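A look at the structure
So the chains spell out like this:
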Amino acid sequence: MREPGPEMEIVHLLRAVTVELGLHSARFANRNAMHPTDVRALIALMDAARAGEELTAGRLGTALGLNSAGTTALVDRLERAGHVRRVRGERDRRQVVVQVEERAVELGWAFFGPLIGRTVELLRECDDKELAAIRRFLAGVRDAAAQAE
């Protein structure tokens, strides 16, 4: 067995944070009669919108690891619940893209807002060098997880 050093302590802490965030997201899904994949889809759509990207149902499905039938069922379910809408693409009017409804954003902020606020408060306690280190570390972990098989 390896001697746990500061690196492994951070790995275990990151795992614990991941578990807690997953549980928090599951509580949101449960309280709003959603499947956890619905929440992941809304996050993917909001992230894409923030990056100035449009997601078709196909691209959303690929991002979530779903097949075509699963993606259609997901988007239909979210649309029926009033969380998303299908619209013509801004860049290519031939494409149908999925957009998050403002109601879903407000629902998310009502639940996740306090956690986001506390996280921002913690980050404001850090100087620019610390923020750069945190950003570099989290981006590296994200990239490593995305490449893991």
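Note: the structure precedes this text.
In short, a report on the structure. These numbers come from a predicted model, not from an experiment.

With that out of the way, let us pick up the layout of surface pockets. Taken as a whole, the largest pocket spans an internal volume of roughly 2200 Å³. Among the elements that make up the lining of the largest pocket, the one with the highest residue count is helix H5 (residues 102-124) (twelve residues). Taken together, the residues of the lining of the largest pocket sort by class into 26 nonpolar, six polar and six charged. Every residue lining the second largest pocket is counted, 14 residues in all, and those nearest its centre are Leu45, Ala49, Glu53, Val98 and Gln99. Those elements that provide at least two residues to the lining of the second largest pocket are helix H2 (36-50) and strand E3 (96-100). Grouping the amino acids of the lining of the second largest pocket by side-chain chemistry returns nine nonpolar, two polar and three charged.

One finds Met34, Leu45, Leu60 and Leu78 to be the most contacted residues of the largest nonpolar core, which totals 22 residues. Looking at this core, the elements with two or more residues in it are helix H1 (6-31), H2, helix H3 (57-64), helix H4 (68-80), E3 and H5. If you tally residues by element for this core, the top one is H2, at six residues. Contacts of Leu78, omitting those with residues within four sequence positions, involve Met34, Asp38, Ala41, Leu42, His83 and Val84.

Definitions and limits used
Residues numbered from 1 in each chain as written. Predicted model: local features only at pLDDT ≥ 70, side-chain atom pairs only at ≥ 80, totals over all residues. Heavy atoms only, no water. 1 Å grid on protein atoms, 1.4 Å probe; cavity = no way out; pocket = protein on both sides within 12 Å on 5 of 7 lines; lining within 4 Å. Points joined across faces, edges and corners; volume = space filled by probe spheres on them. Helix = DSSP H or I, 4+ residues; strand = E, 2+ residues; numbered from the N terminus. Nonpolar A, V, L, I, M, F, W, Y, C, P; charged D, E, K, R; others polar. Core = buried A, V, L, I, M, F, W, Y, C linked by side-chain atoms within 4.5 Å. Buried < 20%, exposed > 50% of the residue type's maximum accessible area, 1.4 Å probe, protein only. Contact = heavy atoms within 4.5 Å.

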